[in-house]
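Remarks on the overall topology
Here is how the chains run, residue by residue.
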Amino acid sequence: MNEETKAFIDRVTDESLRGAVQPREAIIRMLAMDPSSEEVAYLKQCATKIAHAASGGCAGISGAIGVDLCSCDMNCKFCSFGTEWGIVTEDIVYTKEEIINMVREYVAAGVTTITLRSTEFYDLKVLTEWLGDIRQQVPGGYLINLNVGEMTPAMAEAAYQAGATSAYHVIRLREGTDTPFSVDLRKQTIKAIAESPLRWGTCIEPIGIEHTNEELADRILENMAMGPHSMGVMARVNVPGTPFGGMEPISQERMLHILAAVRLSIGTHVHSCSIHPAIPEALYAGGCGFTVERGANPRDAALNKNVWRGFTVDEAKKLIEDAGFACVPIDPDPRFRTDGRNWWKAGNPEDYIMPDPIASATGCCGKQKPGG
Ligand code: SF4
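Looking at an unreviewed UniProt entry, one finds the chain named Biotin synthase and attributed to Desulfitobacterium chlororespirans DSM 11544.

Okay, structure coming up:
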């Protein structure tokens, strides 16, 4: 191994363990290494050390439920729900009872977080009201993460009061080019989440072969400037029928390399960092957790009644424990007991007004309003 590179990685590791975020040039230097090199193998080892230190040796499993399979007029180029691609021919929306049953099954199987994911225009007020029923009917210390449309501060507060613990929101790679969203609107929602009691989770996504090291580094630093509670990396699935259909996917080797570079770049103050779609080796490259998916999925054309790609909670749990992590929530929420009793009581969601993403579209592929 190149000695100078090893010394650089050792320095980054030491700084990361002490919580430091790396500067742009150091992030780019890590990302520019050869994914198959000895140096990147060492980078992954060091990222693994950081993952155990940052998470306290814990790794979670997020059980995602895509609550609605609906065509979406935002037409993000990577999403199978885009109306223009014509993939979704019939809208399917899960009922409250169906969602509660899936939550119950996930929690019984051992997930540590439930992620409720919707398309952009799903009514968050309805989902927020259902959170109370979920918490009452499925007791436990699990976290609830929302991956939904844009949010105001009142919506974030209401979701927290109703039993959610975090919300996922992302400034996408090539936002405004591969999507019609403006970066400013994304930042507005992220600010609403980050300044509410909800934890803000984010990701570098969706990564394709065309994204440069500079673009990845800029997104990492942009996220860090807004104080994320967790961060991850996600490969783009080039769904047939979408504009990316047929394009060569990014390799797993490169995704593991990016994961390791991100884990080292963001320091141990960010406790959790993981990869999606799951790659077992991620637990040896800086990852501490997996997501298992059911229901509607922007990475698939069909509704998944069972888990996506056959990746089960049991399999995720075994991989996590074999890698030496405890499969428990990394940062439990003290509002929810783990002894099976449920002391929690729902708050009253406030009325709120949805931000209008179409009105703020920058103009590439959505039904944007001119000058909006
Ligand atoms: S990614 Fe979200 S906003 Fe974009 S088309 Fe899909 S559901 Fe709509």
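Now, onward.
1. Section: the pattern of salt bridges
All chains considered together, the criterion is met by 20 salt bridges. Its salt-bridge partner being arginine 299, residue glutamate 293 comes within 3.1 Å of it at the nearest N-O pair. Across the pair, arginine 299 and glutamate 293 agree in class, each one buried. Among the ionic contacts, a cluster of salt bridges with common partners joins Arg117, Glu293 and Arg299.

2. Considering the environment of glycine 57
With respect to the helices and strands, the residue glycine 57 is situated in the loop between α3 (38-55) and β1 (60-66). According to the relative accessible area criterion, glycine 57 is buried, its value standing at 18%. For the pair glycine 57 and aspartate 178, spaced 121 residues apart in sequence, the C-alpha to C-alpha distance is 37 Å.

3. Quick word on the site of the ligand
Taken together, Cys72, Met74, Asn75, Cys76, Cys79, Phe81, Thr119, Glu120 and Phe181 are the residues near the ligand. Within the shell around the ligand, the residues separate by chemical class into six nonpolar, two polar and one charged.

4. Structural notes on the packing of aromatic side chains
Throughout the structure, instances matching the rule amount to one aromatic pair. Centre to centre, the rings of phenylalanine 290 and phenylalanine 311 are 5.5 Å apart; their planes meet at 85 degrees, and the pair counts as edge-to-face. Of this pair, phenylalanine 290 sits in strand β10 (residues 289-295) while phenylalanine 311 sits in the loop between β10 and α10 (313-322), placing them 21 residues apart in sequence. Across the pair, exposure class does not vary: phenylalanine 290 and phenylalanine 311 are buried alike. The side chain of arginine 186 reaches across the aromatic face of phenylalanine 181, ending 3.7 Å from its centre. When the ring centre of tryptophan 308 is taken as origin, the NZ or CZ atom of arginine 299, which lies over that ring, is 5.9 Å away.

5. Some details on the sheet that holds strand β4 (residues 113-117)
The strand order across the open sheet formed by eight strands is β9-β8-β7-β6-β5-β4-β1-β10, and the pairing between neighbours is parallel. In this open sheet, the two edge strands, each paired with only one partner strand, are β9 (272-276) and β10. Strand-to-strand twist of the sheet, defined as the mean angle between neighbouring strand axes without regard to direction, takes the value 20 degrees. By the bridge criterion, two bridges tie strand β5 (residues 143-147) to strand β6 (residues 166-168) in an arrangement that is parallel. Each bridged residue has a counterpart across the sheet, and for leucine 146 the counterpart in β6 is alanine 167. Sheet strands in contact with helix α4 (residues 96-109) are β1, β4 and β10, and its direction is about 160 degrees off that of β1.

6. With respect to the side chain of threonine 13
With respect to the helices and strands, the residue threonine 13 is situated in helix α1 (residues 3-17). Owing to a relative accessible area of 4%, threonine 13 belongs among the buried residues under this scheme. A distance of 2.7 Å separates a polar atom in the side chain of threonine 13 from the backbone oxygen of isoleucine 9. Those residues within four positions of threonine 13 in sequence are excluded, and the remaining contacts are Cys46, Ile50 and Leu264.

7. Some thoughts on the nonpolar core
Ranked by size, the top nonpolar core spans 92 residues in total, and within it Leu116 and Leu146 carry the most contacts. With nine residues, helix α9 (residues 252-266) is the largest single contributor of residues to this core. The residues touching leucine 146, leaving out its near neighbours within four places in the chain, are Leu116, Leu124, Leu127, Leu131, Met151, Ala159, Ala164, Ser166, Ala167 and Tyr168. Among the nonpolar cores identified, the runner-up in size contains twelve residues, and Met74, Cys76, Cys79 and Ala296 belong to it.

8. Brief notes about the environment of glycine 295
Within the secondary structure layout, glycine 295 lies in strand β10. Exposure remark for glycine 295: the relative accessible area of 1% places this residue in the buried category. The sequence separation of glycine 295 and isoleucine 250 amounts to 45 residues, and the corresponding C-alpha distance is 25 Å. Apart from the residues lying within four places of it in its own chain, the contact partners of glycine 295 are Gly66, Tyr94, Ala302, Leu303 and Asn304.

9. Comments concerning the packing of α4 against helix α5 (residues 124-137)
Running from amino to carboxyl end, α4 crosses α5 at an angle of 40 degrees, the nearest separation of the two axes being 10 Å. Our classification of the angle between α4 and α5 gives oblique. Two packed elements cross with a definite hand, and for α4 against α5 that hand is right-handed. Facing Lys96, Ile99, Ile100, Val103 and Arg104 of α4, the residues of α5 in contact are Trp130, Asp133, Ile134 and Gln137. Partitioning the contact of α4 with α5 into residue classes produces five nonpolar, one polar and three charged.

10. Describing the pairing of β1
Of all seven residues that make up β1, seven are buried, and the element is covered over most of its length. Alternating positions in β1 separate into two faces, Gly60, Ser62, Ala64 and Gly66 on one and Ile61, Gly63 and Ile65 on the other, with burial throughout. The sheet contact formed by β1 and β10 spans seven bridges and is parallel. For isoleucine 65, the partnering residue across the bridge sits in β10 and is arginine 294. Two elements, β1 and β4, share five bridges in a ladder whose sense is parallel. Looking at the pairing, serine 62 lines up with threonine 113 of β4.

11. Description of the state of the cysteines
What the rule picks out here adds up to zero disulfides. Free cysteine: cysteine 46, not disulfide-bonded; nearest cysteine sulfur from cysteine 273 at 15 Å. Overall, the relative accessible area of 3% leaves cysteine 46 in the buried class. No disulfide involves cysteine 273; its sulfur sits 7.0 Å from the nearest other cysteine sulfur, which is in cysteine 288.

About the cut-offs
- Residues numbered from 1 in each chain as written.
- Predicted model: local features only at pLDDT ≥ 70, side-chain atom pairs only at ≥ 80, totals over all residues.
- Heavy atoms only, no water.
- Salt bridge = Lys/Arg side-chain N within 4 Å of Asp/Glu carboxyl O.
- Buried < 20%, exposed > 50% of the residue type's maximum accessible area, 1.4 Å probe, protein only.
- Helix = DSSP H or I, 4+ residues; strand = E, 2+ residues; numbered from the N terminus.
- Near = heavy atom within 4 Å.
- Nonpolar A, V, L, I, M, F, W, Y, C, P; charged D, E, K, R; others polar.
- Phe/Tyr/Trp six-rings, centres within 6.5 Å; stacked < 30°, edge-to-face > 60°.
- Lys NZ or Arg CZ within 6 Å of the ring centre and 35° of its normal.
- Pairing = 2+ DSSP bridges.
- Axes fitted to C-alpha atoms, helices over the stretch in contact; angles between N-to-C directions.
- Contact = heavy atoms within 4.5 Å.
- Polar contact = N/O pair within 3.5 Å; in protein donor to acceptor, adjacent residues only side chain to side chain.
- Core = buried A, V, L, I, M, F, W, Y, C linked by side-chain atoms within 4.5 Å.
- Parallel < 35°, antiparallel > 145°, perpendicular 65-115°, else oblique.
- Left-handed = near helix turned anticlockwise from the far one by under 90°.
- Disulfide = S-S within 2.5 Å.

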